[in-house]
Amino acid sequence: MSKRLLLEKIKKLIHDWAAQYPKVELAYVEVYHSGIADNIHVIVVASQGFENWESTDRENDLYWFLRKALGDEYIVKIYVLRTMTEEEYDRYEVVRE
């Protein structure tokens, strides 16, 4: 699978994952290559639905969903997997800049 197709597939799968949870409304999904080897970074921001869900629990849930859909070969390429509320993302953006 090409790098571009893999990124597109992961992005679609994230939307499929979120659709399982009626209260989750995604605001932003970022899936990109880190620039180091084949490492992929995944950032998922929700405008609602994450506020009462511990970040480690939602990240584990997304990880296992992606692992089941992608298989071990591709899941190991996901180096960063973060799920955040918009408020958490605003703080994260300041740190990243």
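All figures in this text were calculated on a predicted structure; none of them were measured in a lab.

Points about the pattern of salt bridges
Going through the model one piece at a time under the given rule, you end up with 8 salt bridges. Of the charged contacts in the structure, one is a salt bridge between Arg-58 and Glu-88, with a shortest N-O distance of 2.8 Å. Separated by 30 residues along the polypeptide, Arg-58 in helix α2 (residues 55-70) and Glu-88 in helix α4 (residues 86-96) bring together distant segments of the chain. By relative accessible area, which is 1% here, Arg-58 ends up buried. Classification of Glu-88 by relative accessible area gives partly exposed; the value is 26%.

Thoughts on the side chain of Arg-58
Polar contacts involving the side chain of Arg-58 include one to the main-chain carbonyl oxygen of Trp-53, which spans 2.6 Å. Beyond its immediate sequence surroundings of up to four residues, Arg-58 is in contact with Trp-17, Phe-50, Trp-53, Thr-83, Met-84, Thr-85 and Glu-88.

Thoughts on the environment of Thr-85
Tracing the backbone shows Thr-85 in strand β3 (residues 78-85). Take Thr-85: its relative accessible area is 15%, and that puts it in the buried class. Separated by 58 residues in the primary sequence, Thr-85 and Ala-27 have C-alpha atoms spaced 8.9 Å apart. Discounting residues that sit within four places of it in the chain, Thr-85 has contacts with Val-45, Ala-46, Phe-50, Glu-51 and Arg-58.

Let's talk about the packing of aromatic side chains
Scanning the model with the defined rule gives 7 aromatic pairs in all. Note on Trp-17 and Tyr-21: the rings are 5.8 Å apart at their centroids and 65° apart in plane angle, and the pair reads as edge-to-face. The class for Trp-17 is buried, based on a relative accessible area of 0%. Ring geometry for Trp-17 against Phe-50: centres 6.1 Å apart, planes inclined by 55°, an arrangement best described as tilted. One end of the pair, Trp-17, is in helix α1 (residues 3-19); the other, Phe-50, is in the loop between β2 (40-48) and α2, with 33 residues separating them in the sequence. We note that Trp-17, like Phe-50, is buried. Aromatic ring contacts, followed pair by pair, group Trp-17, Tyr-21, Phe-50 and Trp-53 into a single cluster.

The rules we used
- Residues numbered from 1 in each chain as written.
- Predicted model: local features only at pLDDT ≥ 70, side-chain atom pairs only at ≥ 80, totals over all residues.
- Heavy atoms only, no water.
- Salt bridge = Lys/Arg side-chain N within 4 Å of Asp/Glu carboxyl O.
- Helix = DSSP H or I, 4+ residues; strand = E, 2+ residues; numbered from the N terminus.
- Buried < 20%, exposed > 50% of the residue type's maximum accessible area, 1.4 Å probe, protein only.
- Polar contact = N/O pair within 3.5 Å; in protein donor to acceptor, adjacent residues only side chain to side chain.
- Contact = heavy atoms within 4.5 Å.
- Phe/Tyr/Trp six-rings, centres within 6.5 Å; stacked < 30°, edge-to-face > 60°.

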